[in-house]
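Structural overview
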Amino acid sequence: MSKVTITIDGKTVTANEGEKLLWAALDNGIYIPHLCAIREAHEPAASCRLCFVEIEGHARPVTACTETVREGMAVRTRSLRVDRLVKTAFELLLSTHRLDCARCPKNRACALQQIARERKLKLKNTRLPDFIKNLPVDESHPLIGYDPKKCVLCGRCVRVCRDCTGLGVLGFAYRGFERRVTTFENAPLAESRCTGCGECVNACPVGALYFKKAAARCG
Ligand code: FES
């Protein structure tokens, strides 16, 4: 892969031609908020809408996880428009996520905490109504638990469960506010084909999927 030179926030960096801008920025130590992107995925889901940037010559902000690096491109990760879009996307996510940081297994490693810290945003839903799903925690599986009240529908678990394990135990069901990550026919995890490999837990950025006991982990 040939190298190209681009500028991000005035800093000249090199990147692999054709790679996605999000990874080029992160690899060069420049933070862009992101939640749904998976580096190995062929097609970005681009569902969280957190990774907006401005690119010289583009009329509107674009998502860095879908934008391909090209020689000479000039990128800004911050502007009034970008900050407004990121803030709105972040608030929408918070309106669907039960904040329980102190007791959350992802505390201090949570993508929402990192975004709040990096962008100086409140880790609190103050503006929008709560859209937190009134669904029970699934503790049926011996290794893995799932709290739908924390799920932000980024889809990372669905993709790794399908692409890495080939099992496709997890998927999206329903539409609109009812949309959720679940198993076939909403069966408890213990009654699904889940082998407990833990790929979904590792992929979950917010602690919706978690290992019940660290010692019980396989792999
Ligand atoms: S990381 Fe780009 S839209 Fe989610």
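This is a predicted model, so every value here is computed, not measured. Numbering of residues starts from 1 in each chain and follows the order in which that chain's sequence is written. The predicted origin of the model limits local features to residues at a pLDDT of at least 70 and limits the giving and counting of side-chain atom pairs to 80 or more, whereas totals for whole chains, interfaces and linings rest on all residues. The basis for the side-chain values is all heavy atoms of the structure; hydrogens and waters are excluded.

**Focus on the sheet that holds strand S1 (residues 3-8)**
The pairing criterion is simple: DSSP has to find at least two bridges between the two strands. Each helix is a run of H or I in the DSSP string that is no shorter than four residues. Each strand is a run of E no shorter than two, and both are numbered from the N terminus. An order of S2-S1-S5-S3-S4 is seen for the five strands of this open sheet, with the pairing classed as mixed. The open sheet is flanked by strand S2 (11-16) and strand S4 (62-63), the only strands paired with a single partner. Of the strand pairs in this sheet, S1 and S2 are connected by six bridges, and their pairing is antiparallel. Paired with Thr 5 across the strands is Thr 14, a residue of S2.

**A short note on the nonpolar core**
Buried residues of nine kinds, namely Ala, Val, Leu, Ile, Met, Phe, Trp, Tyr and Cys, make up a nonpolar core once their side-chain atoms join them within 4.5 Å. Throughout, exposure labels follow a simple rule: accessible area from a 1.4 Å probe, protein chains only, divided by the maximum for the residue type, with under 20% read as buried, over 50% as exposed, and the rest as partly exposed. Counting residues in each nonpolar core, the largest one holds 39 residues, and the members touching the most others are Leu 35, Leu 50, Phe 90, Leu 112, Ile 144, Leu 170 and Leu 209. Looking at this core, the elements that each hand over two or more residues are helix H2 (80-94), helix H3 (111-119), strand S6 (144-146), helix H4 (156-163), helix H5 (199-203) and strand S9 (209-211). With six residues, the single largest contributor to this core is H2. Where each domain starts and ends comes from a domain assignment, either automatic or drawn from a database. Two domains share this core, each providing at least three of its residues, namely domain 1 (3-87) and domain 2 (95-216). Excluding residues that lie within four positions of it along the chain, Leu 112 makes contacts with Leu 35, Phe 90, Leu 93, Leu 94, His 97, Leu 123, Val 152 and Val 206. Of all hydrophobic cores here, the second largest spans 23 residues; its members include Trp 23, Ala 24, Cys 51 and Met 73. Should any heavy atoms of two residues lie within 4.5 Å, those residues are considered in contact.

**Focus: the packing of aromatic side chains**
Only rings of Phe, Tyr and Trp enter the pairing, Trp through its six-membered ring, and a pair is recorded when the two centres are within 6.5 Å. The plane angle decides the type: under 30 degrees is stacked, over 60 is edge-to-face, the rest tilted. A full pass over the atoms with the stated rule returns one aromatic pair. Relative to Phe 177, the ring of Phe 131 has its centre 4.6 Å away and its plane inclined at 15°; by these criteria the two rings are stacked. Here Phe 131 is found in the loop between H3 and S6, whereas its partner Phe 177 is found in the loop between strand S7 (171-173) and strand S8 (180-182), with 46 residues between them in sequence. Given the relative accessible area of 28%, Phe 131 is considered partly exposed. Over the ring of Phe 172 we find Arg 179; its NZ or CZ atom is 3.9 Å from the centre of that ring. Here, over-ring charges are defined by two tests on the NZ atom of lysine or the CZ atom of arginine: distance to the ring centre within 6 Å, and angle to the ring normal within 35 degrees.

**Considerations on the domain arrangement of the protein chain**
Structurally, the protein chain comprises domain 1 (3-87) and domain 2 (95-216). Computed from C-alpha atoms alone, the centre-to-centre distance between domain 1 and domain 2 is 25 Å. The partner domain 2 presents 14 residues to the 18 residues of domain 1 that form the contact. A simple way to read buried area is as the amount of 1.4 Å-probe accessible surface that goes missing from two parts once joined, with both sides added. Buried area between domain 1 and domain 2, summed over both chains or domains, comes out near 1,300 Å², and the portion from carbon and sulfur atoms is 60%. Looking at the side of domain 1 facing domain 2, the largest losses of area belong to Tyr 31, Leu 35 and Ile 38, adding up to 48% of the total buried there. Just to be clear on terms, a salt bridge is a Lys or Arg side-chain nitrogen sitting within 4 Å of an Asp or Glu carboxyl oxygen. Applying the counting criterion to the domain 1 and domain 2 interface returns one salt bridge. Residue Asp 83 pairs with Arg 119 through a salt bridge whose shortest N-O separation is 4.0 Å.

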